[in-house]
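# Coordinates in review
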Amino acid sequence: MNTKTHKRYYVLTTLSAMVLLLMGGMSQVATAADPQPYEGIASLCAIDPTTVDTVTKGNGVVIDTQAVQLYRVETDSDLVMGWEVLTSKFKTTKSGKVYYMGTATLTPDGYGGKDTLKDNFNLLQDGSLPAGTWEGTGDLKGVTVDYQLVPYLPAGGDPAVLEQMCAEAHPYCETGVCVPTAGEWGWSMSGVVYDDRDE
């Protein structure tokens, strides 16, 4: 076996071993991390308009901080069922590009404190529908939730459903300023839950 052939054989053997190792590892994890599709609705229950602000920086960048948005999320997954706080802003660059950025924090029912699902997003506004990924923190570390959003009311959704979802006050409203918006806006949502927490 010449040197080139030997090297090629070594590389192929090593790659084959890595593939087998990965396949073995995946099969062991699959039980804990089987993807769980879900679907449901997010209803905008209230906003806090006191956070609205516009700042123009010296480089021509304009930052528009939006009202805090407070959602009730209800889906057919226990891990995607709870209260969400959305803080966001738009950044318009000197060239005219617009970025939507912020943090979406969902606290599933039965959890609290640092046990949340959080998405720190930074999206170029190009007309695409919102999508993202929540990552678990605290006791939810190891949980990953992908989501895709579609406007609920324009697709024929019932405002009464959104209002009913907001029957209870959002926890944020216990200490923050809240202007009710129940029934005015919501999202149909779907995605996949990956729960890879240690047993």
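Report on the accompanying structure. (Residues numbered from 1 in each chain as written. Predicted model: local features only at pLDDT ≥ 70, side-chain atom pairs only at ≥ 80, totals over all residues. Heavy atoms only, no water.)

## Some points on the packing of aromatic side chains
Filter applied, for reference: Ring pairs are drawn from Phe, Tyr and Trp, using the six-membered ring of Trp, whenever the two centres fall within 6.5 Å, and their geometry is named by plane angle: stacked under 30 degrees, edge-to-face over 60, tilted for the rest. Helix and strand definitions here come from DSSP, where helices need a minimum of 4 consecutive H or I residues and strands a minimum of 2 consecutive E residues; each element is numbered from the N-terminal end. Relative accessible area decides the class of each residue, using a 1.4 Å probe on protein chains only: under 20% of the type maximum gives buried, over 50% gives exposed, and in between gives partly exposed.
This structure, assessed with the given rule, holds 4 aromatic pairs. Consider the rings of tryptophan 134 and tyrosine 147, whose centres lie 4.7 Å apart with planes at 40°: the pair is tilted. Of this pair, tryptophan 134 sits in strand S8 (residues 131-136) while tyrosine 147 sits in strand S9 (residues 143-151), placing them 13 residues apart in sequence. Tryptophan 134 gets classed as buried once you look at its relative accessible area, which sits at 2%.

## Quick notes on the pattern of salt bridges
In a structure, side chains of opposite charge can pair up when their charged atoms sit close to one another. Our working definition: Just to be clear on terms, a salt bridge is a Lys or Arg side-chain nitrogen sitting within 4 Å of an Asp or Glu carboxyl oxygen.
All told, the structure shown has 3 salt bridges when counted by the stated rule. Residue arginine 72 is joined to aspartate 109 by a salt bridge in which the shortest nitrogen-to-oxygen separation is 2.8 Å. Of the two residues, arginine 72 sits in strand S4 (residues 68-75) while aspartate 109 sits in the loop between strand S6 (98-108) and strand S7 (117-124), which places them 37 residues apart along the sequence. Among the residues examined, arginine 72 registers a relative accessible area of 10% and is labelled buried. Residue aspartate 109 is classed as partly exposed on the basis of its relative accessible area of 37%. Through salt bridges that share partners, Arg72, Glu74 and Asp109 make up one connected network.

## A closer look at the layout of surface pockets
Heads up, the condition is: Only protein atoms enter the 1 Å grid, on which a cavity is a set of points fitting a 1.4 Å probe that cannot get out and a pocket is an open set with protein on both sides within 12 Å along at least 5 of 7 lines, lining residues being those with an atom within 4 Å of a point. Grid points are joined across faces, edges and corners, and a volume is the space filled by probe spheres set on the points. Gly is put with the polar residues, along with every residue not named as nonpolar or charged; the nonpolar set is Ala, Val, Leu, Ile, Met, Phe, Trp, Tyr, Cys and Pro, and the charged set is Asp, Glu, Lys and Arg.
By volume, the largest pocket is sized at about 580 Å³. Counting residues per element, the lining of the largest pocket draws most heavily on strand S5 (residues 82-92), which supplies 4 residues. Residue classes in the lining of the largest pocket are distributed as 20 nonpolar, 6 polar and 2 charged.

## Some words on the pairing of S9
Selection rule: Strand pairing is defined by DSSP finding a minimum of two bridges between the two strands.
Residues Val143, Val145, Tyr147, Leu149 and Pro151 line the buried face of S9, whereas the alternating positions Thr144, Asp146, Gln148 and Val150 sit on a face that is not buried. Here 5 bridges tie S8 to S9, and the two strands are oriented antiparallel to one another. Across the sheet, the residue bridging to glutamate 135 is threonine 144, located in S9. Here S8 folds back onto S9 in antiparallel fashion, the turn holding 6 residues, of which glycine 138 has a positive phi close to 60°. Judged from the 9 bridges that link them, S9 and strand S11 (residues 186-195) form a sheet pairing that is antiparallel. Note on S11: the bridge partner recorded for tyrosine 147 is glycine 191.

## Section: the state of the cysteines
Covalently bonding the sulfur atom of one cysteine to the sulfur atom of another cysteine gives a disulfide. Worth spelling out the cut-off: Whenever a pair of cysteine sulfur atoms sits within 2.5 Å, that pair is classed as a disulfide.
The full count for this structure, using the stated rule, is 2 disulfides. Cysteine 45 shares a disulfide with cysteine 166; S-S distance 2.0 Å. Residues cysteine 45 and cysteine 166 share a disulfide whose torsion about the S-S bond is about -80°; that sign makes it left-handed. Of this pair, cysteine 45 sits in strand S1 (residues 36-48) while cysteine 166 sits in the loop between helix H2 (159-165) and strand S10 (179-180); the two residues are 121 residues apart in sequence, bridging distant segments of the chain. Classification of cysteine 45 by relative accessible area gives buried; the value is 8%. Relative accessible area serves as the criterion here: at 13%, cysteine 166 is assigned to the buried category. For the protein, numbering the cysteines in disulfides from first to last along the sequence yields the connectivity 1-2, 3-4.

## Topic: the nonpolar core
For clarity, the cut-off: We define a nonpolar core as any set of buried Ala, Val, Leu, Ile, Met, Phe, Trp, Tyr and Cys residues linked to one another through side-chain atoms lying within 4.5 Å. Contacts: residue pairs with any heavy atoms within 4.5 Å of one another.
Counting residues in hydrophobic clusters, the biggest one holds 22 residues, and the most contacted among them are Tyr38, Val80, Trp134, Val145 and Met189. Within the residue set of this core, elements represented by two or more residues are S1, S4, S6, S7, S9 and S11. In terms of residue count, the dominant contributor to this core is S9 (4 residues). Sequence-distant contacts of methionine 189, defined by excluding residues within four places in its chain, comprise Tyr38, Glu39, Gly40, Ile41, Ala42, Val73, Thr75, Val80, Trp134, Tyr147, Gln148 and Leu149.

No statement about biological role is implied by the geometric values presented.
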